[in-house]
Amino acid sequence: MLISGMLFKSQTISSSISNLKLNFKSFVNPKFFLQINPISSLKVIWRKDQKLDQAIENDKRYKLCARVVKEVLNEPGQVIPLRYLDKRRERLRLNVRVKTFINNNPGLFDTYYDRIRPKSDRIPFLRPSNRLRNFLEEEKRIYNENEELVVFKLCKLLMMSRYKVISVDKLVHVKREFGLPNDFLVKLVPKYSNYFRLTGSPGEGQSFLELVEWNPEFAKSVIEQRAEEESRLTGIRVRPNFSYKLPAGFFLRKEMREWVRDWLELDYISPYEDVSHLDQASREMEKRMVGVFHELLSLSLLKRVPVPILGKFTDEYRFSNVFSSVFTRHSGIFYMSLKGGIQTAVLREAYKDDQLIEKDPLLEIKDKFVELLEEGWQERAELLRLQREQVKKDMEMMALRNEELNEQSCHEER
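Counting from 1, residues in each chain are numbered in the order their sequence is written. Two thresholds apply to this predicted model, a pLDDT of at least 70 for residue-level local features and 80 or more for giving and counting side-chain atom pairs, whereas whole-chain, interface and lining totals are computed over all residues. Think of the side-chain values as coming from all heavy atoms in the structure, minus any hydrogens and water.

## A closer look at the pattern of salt bridges
Definition in use: The rule for a salt bridge is simple: a side-chain nitrogen of Lys or Arg has to be within 4 Å of a carboxyl oxygen of Asp or Glu. Starting at the N terminus, helices and strands are each numbered in turn, a helix being any DSSP run of H or I of at least four residues and a strand any DSSP run of E of at least two. Here's how the labels work: a residue is buried when its accessible area is under 20% of the maximum for its type, exposed when over 50%, partly exposed in between, all with a 1.4 Å probe on protein chains only.
Following the criterion strictly, the structure yields 32 salt bridges and no others. Notably, a salt bridge pairs Asp59 with Lys366, separated by 2.7 Å at the nearest N-O pair. Pair noted here: Asp59 is in the loop between helix 1 (50–58) and helix 2 (60–73) and Lys366 is in helix 17 (residues 364–413), with a separation of 307 residues, a long-range link. Of the two residues, Asp59 and Lys366, neither departs from the other in class, the shared state being buried.

## Re the packing of helix 11 (residues 222–234) against helix 13 (residues 283–299)
Note the threshold: For every element, the axis is a line fit to its C-alpha atoms; helices are fit only across the contacting stretch, and the angle between N-to-C directions ranges from 0 to 180 degrees. Should an angle fall under 35 degrees it is called roughly parallel, over 145 degrees roughly antiparallel, and 65 to 115 degrees roughly perpendicular, with every other angle called oblique. Contacts are residue-level and defined by heavy atoms, with any inter-residue pair within 4.5 Å sufficient. The nonpolar class holds Ala, Val, Leu, Ile, Met, Phe, Trp, Tyr, Cys and Pro. Asp, Glu, Lys and Arg form the charged class, and all remaining residues, Gly among them, are polar.
It is the contact of helix 11 with helix 13, at a shortest axis distance of 9 Å, that shows an interaxial angle of 85°. Comparing their axes, helix 13 and helix 11 come out roughly perpendicular. Here helix 11 contributes Val222, Ile223 and Arg226 to the contact with helix 13, which in turn contributes His294, Glu295 and Ser298. Grouping the amino acids of the contact of helix 11 with helix 13 by side-chain chemistry returns two nonpolar, two polar and two charged.

## Observations concerning the confidence of the model for the chain
What counts, and what does not: For every residue, the predictor states its confidence as a pLDDT score lying anywhere from 0 to 100.
Scored by pLDDT, the chain comes out at a mean of 85, with 87% of its residues at no less than 70. Low confidence marks residues 1–38, where pLDDT is under 50. Its contacts with residues over four positions away, or in another chain, come to 98 contacts.

## A short note on the sheet that holds strand 8 (residues 206–211)
To be explicit about the condition: Pairs of strands are assigned from DSSP output, requiring at least two bridges between the strands.
With antiparallel pairing, the three strands of this open sheet are ordered in space as 6-8-7. For this open sheet the edge positions go to strand 6 (165–167) and strand 7 (196–201), each flanked by a neighbour on one side alone. Between one strand axis and the next, the sheet turns through 25° on average, direction left out of account. Sheet contacts for helix 7 (residues 147–160): strand 6, strand 7 and strand 8; angle to strand 8, the most-contacted strand, approximately 100°.

## Notes on unusual backbone geometry
One non-glycine residue, Arg93, lies in positive phi territory at about 55°. Position of Arg93 relative to the elements: it lies in the loop between helix 4 (89–92) and helix 5 (98–104). Relative accessible area serves as the criterion here: at 53%, Arg93 is assigned to the exposed category. At Arg318, a residue that is not glycine, the phi angle is positive and equals roughly 60°.

## Observations concerning the packing of aromatic side chains
How we decide: Classification of ring pairs uses Phe, Tyr and Trp, with its six-membered ring standing for Trp, and accepts pairs whose centres are within 6.5 Å; under 30 degrees between planes counts as stacked, over 60 as edge-to-face, and the remaining range as tilted. Placement of a charge over a ring requires the Lys NZ or Arg CZ to be within 6 Å of the ring centre, with the centre-to-atom vector within 35 degrees of the ring normal.
This structure, assessed with the given rule, holds 16 aromatic pairs. For the ring pair Trp46 and Tyr335, a centre distance of 6.4 Å and an interplane angle of 20° mean the geometry is stacked. Residue Trp46 is found in the loop between strand 2 (43–45) and helix 1, and its partner Tyr335 is found in strand 10 (residues 334–337); the two are separated by 289 residues along the sequence. Side by side, Trp46 and Tyr335 carry an identical accessibility label, which is buried. Ring geometry for Tyr317 against Phe319: centres 5.8 Å apart, planes inclined by 45°, an arrangement best described as tilted. Here the two residues Tyr317 and Phe319 agree in accessibility, since each one is buried. An aromatic cluster is defined as three or more aromatic residues linked by ring pairs; in this entry it consists of Phe293, Phe313, Tyr317, Phe319, Phe323, Phe327 and Phe334. When the ring centre of Tyr112 is taken as reference, the NZ or CZ atom of Arg127 above it lies at 4.3 Å. Across the ring face of Trp263, the terminal group of Lys287 is positioned such that the distance to the ring centre comes to 4.7 Å.

What follows is the structure in structure tokens.
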């Protein structure tokens, strides 16, 4: 049985703005101003959050390794000439030669020599190492154990969409963000035909995934589940609303503080409700849009998603053309990082400093991959240590030998 609440944990709702203690001096200088119209004519200042930026920085090396591994695994036979991979460095955002990358990250690939053509010279090729193949088996196991969770996420992505249908190309593009396996279209869609149906022309790149059955258990957002849980624990009806928490030192002008307080007083609109009757420019529609973003980020593996990826679903989820301003305007709910030159929407409540509070079960895959990387890094560090010790011993032996030669030369002169 699919459990709709498996992702979520009860948290206390904190939506009071007026009692926030602000300390402007502890934040860096503003980077830019954002004019909001017609919903709000107040200026909103973007400010850097170093701890949430660090959360993104922490995954930088892991993501680079994952991109290179994916590139090799997608090749026919999962092998590739080293020089071919070198030519793709710019696309992979790899700032060193592939040979250097392999030396820095041992354990990912084996290097062997083969010919591209029968009479050509033998050149170095790359293929997955035994360690990497073992990790891939672990990845399959984790996906199998969490199959219901994957189906749950896929259903919710479709249920939030306007017509309960999403382009297959878009889903494939975001599969890593939400933890969908590579083979979800060929494995899960046919297996769960009660939920999903493929339509269109797959061979022409115009295929779509359609929701077949609406499951009311899935049509509850994180916000609604949290309110229900708090009502159950306290015996008092709790109104669903966003957890609004500004980081220490964040400055919010009085006018904007009052606007946010009034906006929070609006009734919560579930991302699974039909909102076709709402005006796209209304405050109510913004409340719903914030709810959709909150739900999407909650469903994502790392509780953060690059803004360009969210923008691919503008039509499906009825986002406005300037939807990205939401992340700055509602800075007590979201943070928009500019780390690495990429706008990334981060769900504030999901983090304590630079660490996730509650980890998605599918993040075990990432943990296993990081273990593989760290094992290789430790071996390399040990090898370098032994090499340094050997060099030191060789230098000491050479110095001792030179001293003996000098003594011998002195005796001969006498």
